[in-house]
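# Remarks on the overall topology
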Amino acid sequence: QTQFVQSRGGTVQPGGSLTLSCEASGFTLDDLAIAWFRQAPGKERVGVSCLSKNGAVTYYAGSVAGRFTISRDTAKNTVYLQMNNLKPEDTGIYTCAADSVYATPQGACSQGIRGLYDYWGQGAQVTVSS
């Protein structure tokens, strides 16, 4: 049985930090492009950060560039999204996804539809509020 188990989100004050993780079980993250999506209230799901299959190339949406960092620990079979200097507009449900079909991280971030990814996390609410 394959699972992509996501850590819980939380409530953070503006300017604070939070790290999300997704641990793969039953499959390896090697050779999979990784995506982190965010769905803000009343808005469509968008890709905020993605990682190429070989882990060497990253993509960040303009709104998070310089504040978020995506990474992968192959030994732990886990991916992370470190979020710093969080802003109220970062509030939303964050979901990780993985698939081998995407040749670039931009491509991996472009879809945001669960059925287009082999592996999909359960989502975590992140609220940035004072």
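Here the residue numbering is sequential within each chain, running from 1 through the sequence in written order. With pLDDT at 70 or above as the cut-off, local features in this predicted model cover only qualifying residues; side-chain atom pairs require 80 or more to be listed or tallied, and sums for whole chains, interfaces and linings still use all residues. Only hydrogens and water are removed before side-chain values are computed, so all heavy atoms of the structure are retained for them.

## Structural notes on the overall build of the protein
Secondary structure elements are taken from DSSP: a helix is a run of H or I of four residues or more, a strand is a run of E of two residues or more, and numbering for both begins at the N terminus. Within the protein, the regular secondary structure consists of one helix and 11 strands. In the protein, the order of α-helices and β-strands from amino to carboxyl end is β-β-β-β-β-β-β-β-β-α-β-β. Each principal axis of the C-alpha distribution contributes one length, and for the protein these read about 40 × 25 × 25 Å. Each residue's exposure class comes from its accessible area (1.4 Å probe, protein chains only) as a fraction of the maximum for that residue type: buried when under 20%, exposed when over 50%, partly exposed otherwise. Within the protein, the proportion of its 130 residues that are buried is 45%. Should any heavy atoms of two residues lie within 4.5 Å, those residues are considered in contact. At a minimum sequence separation of 6, the contacts of the protein that also span at least 24 residues come to 61%. In these tables, accessible area is a Shrake-Rupley quantity obtained with a 1.4 Å probe, and a residue counts as shielded only by the protein chains included in the view. With the model as given, the accessible surface of the protein reaches about 6,500 Å², and the carbon-plus-sulfur share is 45%.

## What about the side chain of Arg38?
Here Arg38 lies in strand β4 (residues 33-39). Whenever two N or O atoms come within 3.5 Å, that pair is a polar contact, provided that in protein one can donate a hydrogen and the other can accept it, and provided that, for residues adjacent in sequence, both atoms are side-chain atoms. At a separation of 2.9 Å, a polar atom in the side chain of Arg38 contacts the side chain of Asp90. A polar contact of 3.0 Å, which involves the side chain of Arg38, links it to the side chain of Tyr94.

## Topic: the pairing of strand β1 (residues 3-6)
Taking every second residue as pointing to the same face, the buried face of β1 carries Phe4 and Gln6, while none of Gln3 and Val5 on the other face is buried. Summarising the sheet, β1 and strand β3 (residues 18-25) pair through four bridges and their orientation is antiparallel. Considered in β3, the bridge of Gln6 is made with Cys22. Note on pairing: DSSP must find at least two bridges between two strands before they are called paired.

## A look at the state of the cysteines
Two cysteine sulfurs form what is called a disulfide whenever their separation falls within 2.5 Å. The full count for this structure, using the stated rule, is two disulfides. What pairs with Cys22 in a disulfide is Cys96, and their sulfur atoms sit 1.8 Å apart. What sets the handedness of the Cys22 and Cys96 disulfide is the S-S torsion sign, and at about -95° it is left-handed. Placement of Cys22 in strand β3 and of Cys96 in strand β9 (residues 92-99) is noted, with a sequence separation of 74 residues between them. Judged by relative accessible area, which is 0%, Cys96 ranks as buried.

## With respect to the packing of aromatic side chains
Each aromatic pair joins two rings of Phe, Tyr and Trp (for Trp, the six-membered one) with centres within 6.5 Å, and gets the label stacked for planes under 30 degrees apart, edge-to-face for over 60, and tilted for any other angle. Within this structure, the stated rule accounts for six aromatic pairs. Ring geometry for Phe37 against Trp120: centres 5.7 Å apart, planes inclined by 25°, an arrangement best described as stacked. Of the two residues, Phe37 is situated in strand β4 and Trp120 in strand β10 (residues 119-120); the sequence distance between them amounts to 83 residues. The pair formed by Phe37 and Trp120 is uniform in burial state, with each residue classed as buried. Between the aromatic rings of Tyr117 and Trp120, the centroid separation amounts to 5.7 Å while the plane-to-plane angle is 45°, which identifies the pairing as tilted. With a relative accessible area of 13%, Trp120 lands in the buried category. Grouping aromatic residues by their ring pairs yields a cluster made of Phe37, Tyr102, Tyr117 and Trp120.

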